[in-house]
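An overview of the molecular structure
Next come the chains, spelled out residue by residue.
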Amino acid sequence: MKVNQVELLISAVRPDQYPKALLPEFALAGRSNVGKSSFINRMLQRKAMARISSKPGKTQTLNFYEVEKKLIFVDVPGYGYAKISKSERAKWGVMMETYMTDRAPLRAVIQIVDMRHKPSNDDVTMYEFLKHHGIRVIVIATKADKIPKGRWQKSIKEIKETLGFDPDDNIVMFSSETGLGKDQAWKIIEKFM
Ligand SMILES: Nc1nc2c(ncn2[C@@H]2O[C@H](COP(=O)(O)OP(=O)(O)O)[C@@H](O)[C@H]2O)c(=O)[nH]1
Ligand SMILES: [Mg+2]
């Protein structure tokens, strides 16, 4: 998709704040600092549309970015950030679960994992949660630029094995740094719109 127009519709925490104009939505998921906002920026070819925080755990809202008046990317706060309080973590859980399980326009969750490492327990829990709720998942294995090309296939295999990957889902090797995987990711997203 050629992207000319992007607009941050709203930063929401509750369903009554979600956008009323219904377009196909694609929500991000992944641990804090894995590269969710960078993924959005690369897909939109914008430097800083979605905020890339130097401080992990900062985005505590669901940010709805409308693209070409055709679809919406929803940037979300990441998981696995140690330095948040128990009550904040609980609030995060309710906000995410409410959105993910009860949002009709949600077409797929784009789960971002780090290609350099085996998926964490939190990554596995998130994937299983999404599958349990029958939510379509697009796995993006990002930061490919940070490991040698010779390790790419091995890394993808390890990610699939660790997640218990459903062969009906899609997985894309990606780099927000180089743009690797961008066209493939767009193709999948457009198919699900
Ligand atoms: N080399 C490289 N760095 C990345 C990539 N994606 C994200 N980063 C860096 O990882 C850090 C966290 O990225 P961010 O998008 O804010 O993560 P978020 O918390 O998941 O939204 C930033 O310093 C990014 O520049 C990538 O594909 N390659
Ligand atoms: Mg972010």
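Report follows, based on the coordinates.

Our next topic: the overall build of the protein chain. A tally of helices and strands in the protein chain yields five helices and seven strands. If you list the helices and strands of the protein chain from N to C, you get β-β-α-β-β-α-β-α-β-α-β-α. At 16 Å, the protein chain has a C-alpha radius of gyration in line with the 16 Å of a compact globule built from 193 residues. With the C-alpha coordinates aligned to their principal axes, the bounding extent of the protein chain is approximately 45 × 40 × 35 Å. Classification of the 193 residues of the protein chain by burial places 48% in the buried group. For the protein chain, contacts bridging at least 24 residues in sequence account for 75% of all contacts bridging at least 6. Element-wise, carbon and sulfur atoms account for 50% of the exposed surface of the protein chain, whose accessible area totals about 9900 Å².

This part is about the nonpolar core. By size, the foremost hydrophobic cluster in this structure holds 37 residues, and its most contacted members are Leu 62, Tyr 99, Met 115 and Val 139. Considering each element in turn, this core owes the most residues, five residues, to helix H2 (residues 86-101). If we ignore the near neighbours within four places in the chain, the residues touching Tyr 99 are Tyr 18, Glu 25, Ala 27, Leu 62, Phe 64, Val 74 and Leu 106. Val 3, Val 6, Ile 112 and Val 172 belong to the second-largest nonpolar core, a separate cluster that totals 26 residues.

Spatial ordering of the open sheet is given by E1-E3-E4-E2-E5-E6-E7, a layout of seven strands whose pairing is mixed. Each end of this open sheet is capped by a strand with a single partner; those strands are strand E1 (6-12) and strand E7 (170-173). Across the sheet, the mean angle separating the axes of adjacent strands is 25° when strand polarity is ignored. Two strands pair when backbone bridges link them, and strand E6 (residues 137-142) and E7 are joined in this way by four bridges, in the parallel orientation. Following the sheet pairing, Val 139 is matched in E7 by Ile 171. Strands in contact with helix H3 (residues 121-132) are strand E2 (25-29), strand E5 (106-114) and E6; relative to E5, the strand with the most contacts, it is inclined by about 165°.

What counts, and at which threshold
- Residues numbered from 1 in each chain as written.
- Chains lettered and ligands numbered in written order.
- Predicted model: local features only at pLDDT ≥ 70, side-chain atom pairs only at ≥ 80, totals over all residues.
- Heavy atoms only, no water.
- Helix = DSSP H or I, 4+ residues; strand = E, 2+ residues; numbered from the N terminus.
- Rg over C-alpha atoms; globule rule 2.2 N^0.38 Å.
- Buried < 20%, exposed > 50% of the residue type's maximum accessible area, 1.4 Å probe, protein only.
- Contact = heavy atoms within 4.5 Å.
- Areas by Shrake-Rupley, 256 points an atom, 1.4 Å probe, with all protein chains shown as cover.
- Core = buried A, V, L, I, M, F, W, Y, C linked by side-chain atoms within 4.5 Å.
- Pairing = 2+ DSSP bridges.
- Axes fitted to C-alpha atoms, helices over the stretch in contact; angles between N-to-C directions.

Read these as spatial facts, not as claims about activity.
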